[in-house]
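Summary of the model geometry
Okay, here's what each chain looks like letter by letter:
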There are 2 protein chains.
Amino acid sequence: MKDHRVTTENQYTLAEEDYIKAIYHICQQSQEAQTNDIADRLHTKPASVSDMLKKLADKKVLNYIKYRGVTLTEEGMKAALNLVRKHRLWEVFLVEKLNFSWDEVHEVAEQLEHIDSALLIERLDAFLGFPKFDPHGDPIPNEKGEFVVKPHIPLGEMEIGVTGKVLAVQDISASFLQYLNKVGIYIGAKVSILDKIDYDGSLEVKLDEQKTILVSKEVAKNIFVGE
Amino acid sequence: MKDHRVTTENQYTLAEEDYIKAIYHICQQSQEAQTNDIADRLHTKPASVSDMLKKLADKKVLNYIKYRGVTLTEEGMKAALNLVRKHRLWEVFLVEKLNFSWDEVHEVAEQLEHIDSALLIERLDAFLGFPKFDPHGDPIPNEKGEFVVKPHIPLGEMEIGVTGKVLAVQDISASFLQYLNKVGIYIGAKVSILDKIDYDGSLEVKLDEQKTILVSKEVAKNIFVGE
DNA sequence: TAAATTTTTTAGACAAAACTAAAAAATACT
DNA sequence: AGTATTTTTTAGTTTTGTCTAAAAAATTTA
């Protein structure tokens, strides 16, 4: 047994899938994924990453030139988008059907995304009503890897007086999401900036036309608004 | 990373879990699990099984005396029942919520049973309405490992004239289940024996007070009836 | 641009879980 | 009981994915 997914559908091992997804996410932010960044993300050592990069390059999953970063090939991108699709669909399932809170879903979805059954994902997608966004506001690719992009900017860059909606969060750590729960910020919440405090960059935010809250610039950086 | 389930809930690797479940199922039928039987069930070689038995005995999961078969300890039984519980709950989910047919669920459930999250299973159980039996009629243990036992006998041992219900099937291979679909046998179907053919041991069976079908003794052996 | 620092790779080991081939124990058969 | 057969275990490899330590390349800094 290569790994525990004995169906013949999947071409990659569990570890390979983890690397592919990590590289995808890093490339979303910075063009090329560096060895150290991958190691950090996977809680592994740079030496281990080097080994795996060689292996994945042999398999035509990524473009690799020694000492330069890596990017995904079309093949690799397809695999990554499928993993992202599975991860986000499972997150929707956990929140919508099993009453998980948005700060509880990530770890479980990290496991569920490796389940290898195209039929399962097809049926799950239908069962959930073909959702376009996950509980953190991130888009869910369809089976072809296509996804909806809603224009959005960080909360901190919104102009005073303009009203928008919270569309997504960038930090999906439990501690950040629990903080958002506490102050009442959620995906879809109506927000506008009342004032920007020069001293520390914090923001006075009107929430759902009701209460006014103060958020730090660190928090504001991780909230995206639009519409 | 030991395996890909990074939560701290689970004590066993994926491979160990496979062995524990295989040993559980073998012991259901024959008291002690023999090395060769385990190898057959896991599509592995007896030498590999010997290695693993030693390891699992060290971990106090099973009682092992060289050249004798093995049995699960209380610890091992607890782990096995939890795996069985997870497997069968996922099977119910696939059939009830995702419209899988009962011949399509086993392989996917074999993967899903390894997902390591007590919260997930608790919530899934509630979402499904705390089912007591899986799509093949097998009982689902609760979180303490307890399960309902309905008295049942093989179809072949039912007396002529007596009416019963199909409670479970013993063979859950796709080919067997697809055959049952074809002839119209399902869990809950009303059955009675009209006649037993001496020549080959086959049975004339009245199904749902409607049609009459003929089933071989091999088929009859794998269908359990009761109530 | 040369030295210092950081990043990445190589070399060599290790653990888990599988395998083959051969030895040892248990069981079955005259 | 003694031989033959089957079952199980041991011994020695292999593969995957990890690690540490050291070497090499790239980048930053003076």
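Residues numbered from 1 in each chain as written. Chains lettered and ligands numbered in written order. Predicted model: local features only at pLDDT ≥ 70, side-chain atom pairs only at ≥ 80, totals over all residues. Heavy atoms only, no water.

What follows covers the protein's contact with DNA strand D. Contacts to DNA strand D come from 21 residues, most closely from A:Thr13, A:Ser48, A:Lys55, B:Tyr64 and B:Lys66. At the protein interface, 75% of the atoms of DNA strand D within 4 Å belong to sugar or phosphate. Within the side chain of A:Thr13, a nitrogen or oxygen atom sits 2.5 Å from a phosphate oxygen of DNA strand D. Side-chain polar atom of A:Tyr19 to a phosphate oxygen of DNA strand D: 3.3 Å apart, as the coordinates give it. Within the residue set of the surface near DNA strand D, elements represented by two or more residues are helix H1 (14-30) and helix H3 (46-58) of chain A together with helix H2 (35-42) and helix H3 (46-58) of chain B. (Near = heavy atom within 4 Å. Polar contact = N/O pair within 3.5 Å; in protein donor to acceptor, adjacent residues only side chain to side chain. Helix = DSSP H or I, 4+ residues; strand = E, 2+ residues; numbered from the N terminus.)

This part is about the sheet that holds strand E4 (residues 163-169) of chain A. Strand pairing in a sheet relies on backbone hydrogen bonds, with the paired strands running either antiparallel or parallel. Residues and elements named next belong to chain A. In spatial order, the strands read E3-E8-E4-E5-E6-E7; together these 6 strands make up an open sheet with antiparallel pairing. Of all strands in the sheet, those with a lone pairing partner are strand E3 (152-154) and strand E7 (212-215), marking the two edges. Averaged over all pairs of adjacent strands, the angle between their axes in this sheet comes to 45 degrees, without regard to strand direction. With 3 bridges joining them, E4 and strand E5 (residues 190-196) adopt antiparallel strand pairing. From the neighbouring strand, Thr 163 faces E5, where its bridge partner is Ser 192. (Pairing = 2+ DSSP bridges. Axes fitted to C-alpha atoms, helices over the stretch in contact; angles between N-to-C directions.)

On to the interface of chain A and chain B. At the interface, 28 residues of chain A touch 28 residues of chain B. Buried surface at the junction of chain A and chain B, both sides included, amounts to about 2500 Å², of which 72% is carbon and sulfur. For the interface between chain A and chain B, the tally reads 0 salt bridges. Counting the contacts that link chain A with chain B gives 6 residue pairs in polar contact (both at pLDDT 80 or more). (Contact = heavy atoms within 4.5 Å. Buried area = accessible area lost by both parts, 1.4 Å probe. Salt bridge = Lys/Arg side-chain N within 4 Å of Asp/Glu carboxyl O.)

Residue and element names in this part refer to chain B. Within the secondary structure layout, Leu 180 lies in helix H7 (residues 174-183). Relative accessible area serves as the criterion here: at 0%, Leu 180 is assigned to the buried category. Once the C-alpha coordinates of Leu 180 and Ile 223 are considered, the two residues, 43 residues apart in sequence, prove to be 9.8 Å apart. Setting aside chain neighbours within four positions, we find Leu 180 in contact with Trp 102, Val 169, Ile 185 and Ile 223. (Buried < 20%, exposed > 50% of the residue type's maximum accessible area, 1.4 Å probe, protein only.)

As a further point, take the domain arrangement of chain A. Residue and element names in this part refer to chain A. When the domains of chain A are assigned, the result is domain 1 (1-147) and domain 2 (152-226). Taken together, the 9 residues of domain 1 in the interface contact 13 residues of domain 2. Roughly 820 Å² of surface becomes buried between domain 1 and domain 2 when both sides are summed, with 59% attributable to carbon and sulfur atoms. On the domain 1 side of the interface with domain 2, the three residues burying the most area are Trp 102, Asp 103 and His 136, jointly 69% of the side's total. Scanning the region where domain 1 abuts domain 2 turns up 0 salt bridges. On inspection of domain 1 and its partner domain 2, the count reaches 4 residue pairs in polar contact (both at pLDDT 80 or more). (Domains from an automatic or database assignment.)

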